[in-house]
Amino acid sequence: MDIVAILGIAGSVSLLAGWRLYLSVFATGLAMHFGALPVPEHLAALELLANPWVMGIAASGALAEFFADKVMWLDSVWDAVHTLVRPVGGALLALAIVDPADPATQAIAFLLGGGATLAAHAGKAGARAVVNTSPEPVSNIALSTAEDVATGVLLWAAYEYPYAAAGIAAVLLALAVALLLMARRLVKRFFTSKPPPVPS
């Protein structure tokens, strides 16, 4: 596997960790534990994720996030609390994916992984804050469920098709940027809109 595929996997996993860190860790560990995800020698560091303790904590976090993310405004509080946790987790996941014998590549993966996770997290948090302004809870639950499904499917695709992982990462990054721009535009419109005139 060449450097493009490795960095593509690292980028995809980091970006998905910005949406669902615990699910990304748990799903990867579960696939490794049952042998569904064959791990090349250079990805051996990821076997730590198959540790029962790590999987148990990740499963608990994923379950808590699953429910917290479906409740209006609680999802934004959850996102705020995880503003530091997700980027650090994404950076460490990216670090585990690259070759430990190459410190320069590890440093790049750690920095870019953390940045990619932060970008995905910011896009998700911004979009969810905008959705929370809607008075009905259906759109919130639908968006959260779509994120759950997309995270699982794209995580599987990144590991199963490593040479397509760079493309997956590029699409995820473009989506994160689009969500950030959309949230920025809506927030700006909200603060610059003039209140209706008071009748005299």
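This write-up is about the structure you can find in this document. (Residues numbered from 1 in each chain as written. Predicted model: local features only at pLDDT ≥ 70, side-chain atom pairs only at ≥ 80, totals over all residues. Heavy atoms only, no water.)

It is possible for side chains bearing opposite charge to pair when their charged atoms get close. Evaluation of the coordinates by the stated rule reveals 11 salt bridges. The salt bridge involving E147 is made with R20; its shortest N-O contact spans 3.1 Å. Placement of the pair is E147 in helix 7 (residues 138-160) and R20 in the loop between helix 1 (3-17) and helix 2 (21-33), with a sequence separation of 127 residues. Across the pair, exposure class does not vary: E147 and R20 are buried alike. The salt bridge involving R86 is made with D79; its shortest N-O contact spans 2.8 Å. Each member of the pair, R86 as well as D79, carries the same accessibility label: buried. Via salt bridges that share partners, R20, E65, D69, K70, D75, D79, R86, K124, R128, E147 and D148 belong to a single interconnected network. (Salt bridge = Lys/Arg side-chain N within 4 Å of Asp/Glu carboxyl O. Helix = DSSP H or I, 4+ residues; strand = E, 2+ residues; numbered from the N terminus. Buried < 20%, exposed > 50% of the residue type's maximum accessible area, 1.4 Å probe, protein only.)

All right, on to the nonpolar core then. Grouped together as the largest cluster of nonpolar side chains are 31 residues, with contacts concentrated most on V13, L46, L93, I97 and Y159. Secondary-structure elements contributing two or more residues to this core are helix 1, helix 2, helix 5 (85-97), helix 6 (103-131), helix 7 and helix 8 (165-192). Of the residues forming this core, the biggest block, 7 residues, is contributed by helix 1. (Core = buried A, V, L, I, M, F, W, Y, C linked by side-chain atoms within 4.5 Å.)

This part is about a nonpolar patch on the surface. There is a patch of nonpolar side chains on the surface, built from L84, V88, L92, F110 and L111 and spanning about 500 Å² of accessible area. Breaking the nonpolar patch down by element, the ones donating at least two residues are helix 5 and helix 6. Within the secondary structure layout, F110 lies in helix 6. (Patch = residues over 30% accessible without salt bridge, like charges linked within 9 Å, V, L, I, M, F, W, Y side chains within 5 Å. Areas by Shrake-Rupley, 256 points an atom, 1.4 Å probe, with all protein chains shown as cover.)

Okay, the packing of helix 4 (residues 74-81) against helix 6 next. Relative orientation of the contacting elements helix 4 and helix 6 amounts to 155°, with a least axis distance of 9 Å. Between helix 4 and helix 6, the interaxial angle falls into the category roughly antiparallel. Once helix 4 is placed against helix 6, the crossing between them reads as left-handed. Where helix 4 abuts helix 6, its residues D75, S76 and D79 lie against H121, K124, A125, R128 and A129. When its residues are assigned to classes, the contact of helix 4 with helix 6 shows 2 nonpolar, 2 polar and 4 charged. (Axes fitted to C-alpha atoms, helices over the stretch in contact; angles between N-to-C directions. Parallel < 35°, antiparallel > 145°, perpendicular 65-115°, else oblique. Left-handed = near helix turned anticlockwise from the far one by under 90°. Contact = heavy atoms within 4.5 Å. Nonpolar A, V, L, I, M, F, W, Y, C, P; charged D, E, K, R; others polar.)

Phi is positive for W73, which is not a glycine, with a value near 75°. A relative accessible area of 45% means that W73 is categorised as partly exposed.

In this structure, the largest pocket spans a volume of roughly 160 Å³. Taken together, 11 residues make up the lining of the largest pocket; nearest its centre are V25, L49, G89, L92 and L93. Per element, the largest residue contribution to the lining of the largest pocket is 5 residues, and it comes from helix 5. Grouping the constituent residues of the lining of the largest pocket by class yields 10 nonpolar, 1 polar and no charged. (1 Å grid on protein atoms, 1.4 Å probe; cavity = no way out; pocket = protein on both sides within 12 Å on 5 of 7 lines; lining within 4 Å. Points joined across faces, edges and corners; volume = space filled by probe spheres on them.)

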